[in-house]
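Here's the letter readout for the chains.
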Amino acid sequence: MDANATTPLLPEVMESMRPYWMERFGNASSIHLAGQQARAAVDRARDTMAEFFNCHAAEVVFNSGGTEGDNAALFGLLRPGDHFVTTSIEHSAILEAARRLADKGVEVTYVAPQPSGLIDPEEIRRALCPETRLISVMLANNETGVLQPVEAIGQIARAVGVFFHIDAVQGAGKVSLDVRRFGCHLCSISAHKMHGPKGIGAMFVRRGTPIEPLVVGGSHERRQRAGTENVPGIVGFAKAAELAMESLEDGTIPRLAKLRDRLESGLLQIPGTGVNGSLIPQMLGGPSLPRSCSCGKGGNPRTSTGFLHMDGCASAGGPGPDSRTWESTNPVPRVANTTNIWFDQLEGEALVIALDLKGVAVSGGSACHSGATEPSHVLMAMGLDKTRARASLRFSLLKTATEADVDYVLQVVPEAVEHLRALSPVAAGTAG
Ligand code: PLP
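In this text, all values refer to a predicted model and were calculated from it rather than measured experimentally.

1. What about unusual backbone geometry?
Peptide bonds are, in most cases, trans, and in most cases residues other than glycine have a negative phi. Even without a glycine there, the phi angle at asparagine 54 is positive, about 60 degrees. Following the sequence through the fold, asparagine 54 ends up in the loop between α2 (33-53) and β1 (60-63). Among the residues examined, asparagine 54 registers a relative accessible area of 37% and is labelled partly exposed. Although it is not a glycine, glutamate 221 adopts a positive phi angle of roughly 50 degrees.

In structure tokens:
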């Protein structure tokens, strides 16, 4: 249940790589036969990745993974005095790079999501200024699975002549990538999130994009990324991409969505639970939810009547602190495998540990800094308060997940929640 952290190799991927660790171990830059065999394998893999991105083979650059791709986009394009627009729900591979660049004189604007987890393209447009050189927005959020409107953002970028990078690490293999349709100049993906090997990634770099390489040395990857090619990794990545393209066509994704939905509705039977990032709330006959709602009472979107109850939501310029009914007929687009659930009156970390003991791996969606567990920056940006953000867990299904897996999770989670709530200082109202 933690596929967004990483995925296992599919057997076909393992098999495709095997010869390139052993008998076909050549360096793709060598001119002898072994080198030519390795080069041919890399070329074939590049063609497959071009099909995966919907771009030309010459626009594919292999690297070490999503973090490198994200870093390469930002450090490769931004210089002191430039303005950079991104969002407050990006992965740390973007946020930390942006922080470094800000220290070096790049001005950074972080666009906040709506309470649903969606980024409003109009907010991106409003953030632009004449110095803006780059926009970077993720395709799918790693914690909520919410799919961002990258195509609309691409149109905005194109209209004003600004470069556009997409971190597609969590979308790749779950939705079809089409960098032409997205209108981006750069797009980063990572093999280990899609049943490929760890330590290998790829970036689409649109022809003519003036990006400075992050790693310099030899003339590999058309001088865009130096270093001896990881031939087995590249071959395995291409095999994983091939299988991912098949899985986008063969009914795997709707099957996964059905499993996720069954898991989600089963979990929502537990009292005091809700989904983070599932519905676009709209007040019946009234205005849409204010963007900067920060009350943390994100409402309980699980009501089967199709209504979302906002209890005591107050934010500057928004609706007053009364009980309101919100229409919840607009589901937020999400990748098929992810749901993020809050559980009132317990600590998410305690539930992660309790479930781990039962053999269920989930993620708290929180980062550990110097021993202190920080609530998720994504959920906080969506307007959850610290307590609810800490009490939220991400369930992300592997493509190989079965009905039996979901049955087991639905058996152990309610028991664990009940047990922890009985012990919880949060539940007892004695938490500091
Ligand atoms: N971007 C997103 C959205 C991610 O979820 C991750 C990994 O969790 C990364 C980037 C980093 O990718 P990698 O692990 O390949 O460095």
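2. Structural notes on the packing of helix α11 (residues 348-357) against helix α14 (residues 403-423)
Here α11 crosses α14 at 130 degrees, and the two axes come no closer than 10 Å. By the criterion of interaxial angle, the relationship of α11 to α14 is oblique. Taken as a pair, α11 and α14 cross one another with a handedness that is right-handed. Two secondary-structure elements touch here, α11 through Ala350, Leu351, Ala354 and Leu355 and α14 through Val412, Val413, Ala416, Val417 and Leu420. Of the residues contributing to the contact of α11 with α14, the split by class is nine nonpolar, no polar and no charged.

3. Considerations on helix α1 (residues 11-21)
Taken residue by residue, α1 has Val13, Ser16, Met17, Pro19 and Tyr20 as its buried positions. Along the long axis of α1, the arc covered by the buried residues comes to 155 degrees, so they all point the same way. Structural note: α1 exposes Pro11 and Trp21 on the side pointing more than 90 degrees away from its buried face. For α1, the elements touching its buried residues are α2 and α9 (231-247).

4. Observations regarding the sheet that holds β1
Strand order in the open sheet made by the seven strands is β1-β7-β6-β5-β4-β2-β3, with mixed pairing throughout. Across the chains shown, the open sheet's two edge strands, defined by having one partner strand only, are β1 and β3 (107-111). Here the strands of the sheet are splayed against their neighbours by 20 degrees on average, with no regard to which way each runs. Note that strand β5 (residues 163-167) and strand β6 (residues 186-190) share three bridges and pair parallel. Residue pairing across strands places histidine 165 opposite leucine 186, the latter belonging to β6. The sheet strands contacting α2 are β1, β6 and β7 (201-205), and the helix crosses β1 at an angle near 115 degrees.

5. Structural notes on the pairing of strand β4 (residues 132-138)
Moving residue by residue along a regular strand, the side chains alternate between the two faces of the sheet. Counting buried residues in β4 gives six out of seven residues, a clear majority hidden from the surface. Judged from the three bridges that link them, strand β2 (residues 83-87) and β4 form a sheet pairing that is parallel. For phenylalanine 84, the partnering residue across the bridge sits in β4 and is leucine 134. Taken together, the five bridges between β4 and β5 define a ladder with parallel strand orientation. Its bridge partner lying in β5, serine 136 is registered against histidine 165. Note on the crossover from β4 through helix α6 (residues 150-160) to β5: the handedness is right-handed.

6. Examining the site of the ligand
Around the ligand, the surrounding shell holds 13 residues, and the nearest of these are Gly66, Thr67, Asp167, Ser190 and Lys193. Within the complex, the protein chains bury 86% of what would otherwise be the 390 Å² of accessible surface of the ligand. Top contributing element to the shell around the ligand by residue count: helix α3 (residues 66-77), with three residues.

7. Re the pattern of salt bridges
Summed over all chains, the structure comprises 18 salt bridges. We note a salt bridge from arginine 394 to aspartate 2, for which the minimum N-O separation is 3.0 Å. Separated by 392 residues along the polypeptide, arginine 394 in strand β15 (residues 392-396) and aspartate 2 in the segment before α1 bring together distant segments of the chain. Here arginine 180 and glutamate 59 are joined by a salt bridge, their closest N and O atoms 2.5 Å apart. Of this pair, arginine 180 sits in helix α7 (residues 179-182) while glutamate 59 sits in the loop between α2 and β1; the two residues are 121 residues apart in sequence, bridging distant segments of the chain. On the basis of relative accessibility, which here comes to 35%, the residue arginine 180 falls in the partly exposed class. What you see here is one network of salt bridges that share partners, running through Glu151, Asp178 and Arg181.

Criteria and cut-off values
Residues numbered from 1 in each chain as written. Predicted model: local features only at pLDDT ≥ 70, side-chain atom pairs only at ≥ 80, totals over all residues. Heavy atoms only, no water. Helix = DSSP H or I, 4+ residues; strand = E, 2+ residues; numbered from the N terminus. Buried < 20%, exposed > 50% of the residue type's maximum accessible area, 1.4 Å probe, protein only. Axes fitted to C-alpha atoms, helices over the stretch in contact; angles between N-to-C directions. Parallel < 35°, antiparallel > 145°, perpendicular 65-115°, else oblique. Left-handed = near helix turned anticlockwise from the far one by under 90°. Contact = heavy atoms within 4.5 Å. Nonpolar A, V, L, I, M, F, W, Y, C, P; charged D, E, K, R; others polar. Arc of directions from axis to C-beta. Pairing = 2+ DSSP bridges. Right-handed = clockwise from strand over helix to strand, strands pointing away. Near = heavy atom within 4 Å. Areas by Shrake-Rupley, 256 points an atom, 1.4 Å probe, with all protein chains shown as cover. Salt bridge = Lys/Arg side-chain N within 4 Å of Asp/Glu carboxyl O.

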